[in-house]
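Here's the letter readout for the chains.
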Amino acid sequence: MAKMRNGRRRKSDGSWAPLKDNQSDRQSARVVPATPQTLSPSYRLAYADDDFLCREELRPVRLQLELLKPEMVLAERGIKSTVVMFGGARIPAPGQAAWAARNDVQKRNLEAASVFYEEARAFARQCSEYAARFDYQEYVVVTGGGPGVMEAGNRGAADVGAPSIGLNIVLPHEQAPNAFVTPDLSFNFHYFAIRKMHFLMRAKAIVVFPGGFGTLDEMFEAVTLIQTKRMAPIPLILFGREFWHRIIDFDSLAEFGTIAPDDVKLLSFVETAAEAWDIVRRHYEIEAVEPA
């Protein structure tokens, strides 16, 4: 809160604010004399009391805070739409060892999958070059913020000087912000459900690379929302036909009758970044740019 020359106080947006703000009260509360009363947890300001905020009864408040904080930051940055990139944390960059491999078969498969790292990086570059036309307020790349395919997405944006978002979550392993996430667009979550909401709230397209349980969860969440018309029919693009058709028999689901035959058409399968961007381009009637 800024203090004017004439003593009046106004908020940063210029609106009148005669009441004392919470920040100054929090500072004042830190320097009170130490007595049995002031040292008691009950004396702490409620909004500055971490132990209180972490109580089980405060879960609804924490859910709201995790929804509000990224929403407010993204709104303040003027970010209106995103392109979501899901995929495995364990897929290494080309030439790097498969750090997550537990045996020779996994090592061979994961290192062969490094081609998806390069395609993710290339796709993110294409999105970010187009986002530049909108001052990086539209088609902003968002990933889970971690290693593997997520790193490739943020790295592709960084390759062309574009901002990108990382939505990390506290896990026992694999989750720390990669070095290519824009620092002031790097978020951390406790609740998977709220994190997934933020992935989808601004999504204009979703691309999914090979991954594990987390990637499958994110992919099925998105396709379910589109199938049930709770979400617009945006492009939902899966990289790696062989991988996806090997682990999920979508046609058998339709044949059995648990999904409609046309539900399979909600998914598009590609191998390259160029194929994926062409699906996005045609969906939103974006003019193709001829090579220089």
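Predicted model only: the values in this text are computed from it and were never measured.

## Quick word on the pairing of strand β8 (residues 236-239)
Move 1: Of the two faces of β8, the one lined by Leu236 and Leu238 and the one lined by Ile237 and Phe239 are each fully buried.
Move 2: By the bridge criterion, three bridges tie strand β7 (residues 203-208) to β8 in an arrangement that is parallel. Residue pairing in the sheet places valine 208 in a bridge with leucine 238 of β8.
Move 3: Regarding topology, helix α8 (residues 213-227) serves as the crossover connection from β7 to the parallel β8, and that connection is right-handed.
Move 4: When β8 meets strand β9 (residues 268-270), the two strands line up parallel, connected through three bridges. By the bridge assignment for β9, phenylalanine 239 is matched with valine 270.

## Remarks on the pairing of strand β5 (residues 165-169)
Move 1: Burial of β5 is extensive: five of the five residues sit out of reach of the surface.
Move 2: The two faces of β5 match: Ile165, Leu167 and Ile169 on one face and Gly166 and Asn168 on the other face are all buried.
Move 3: Bridge count for strand β4 (residues 140-143) against β5 is two bridges, and the pairing is parallel. From the neighbouring strand, valine 142 faces β5, where its bridge partner is isoleucine 165.
Move 4: Inspection of the sheet shows β5 paired to strand β6 (residues 186-189) by four bridges, in the parallel sense.

## A few points about the pattern of salt bridges
Move 1: Counted under the stated rule, the structure contains 17 salt bridges.
Move 2: We note a salt bridge from aspartate 49 to arginine 44, for which the minimum N-O separation is 3.0 Å.
Move 3: The salt bridge involving lysine 107 is made with glutamate 111; its shortest N-O contact spans 3.0 Å. With lysine 107 and glutamate 111 both in helix α4 (residues 104-112) and four residues apart, this pair spans about one turn of that helix.
Move 4: For lysine 107, a relative accessible area of 39% translates into the label partly exposed.
Move 5: According to the relative accessible area criterion, glutamate 111 is partly exposed, its value standing at 26%.
Move 6: One network of salt bridges, with partners in common, ties together Arg44, Asp49 and Asp51.

About the thresholds
- Residues numbered from 1 in each chain as written.
- Predicted model: local features only at pLDDT ≥ 70, side-chain atom pairs only at ≥ 80, totals over all residues.
- Heavy atoms only, no water.
- Buried < 20%, exposed > 50% of the residue type's maximum accessible area, 1.4 Å probe, protein only.
- Helix = DSSP H or I, 4+ residues; strand = E, 2+ residues; numbered from the N terminus.
- Pairing = 2+ DSSP bridges.
- Right-handed = clockwise from strand over helix to strand, strands pointing away.
- Salt bridge = Lys/Arg side-chain N within 4 Å of Asp/Glu carboxyl O.

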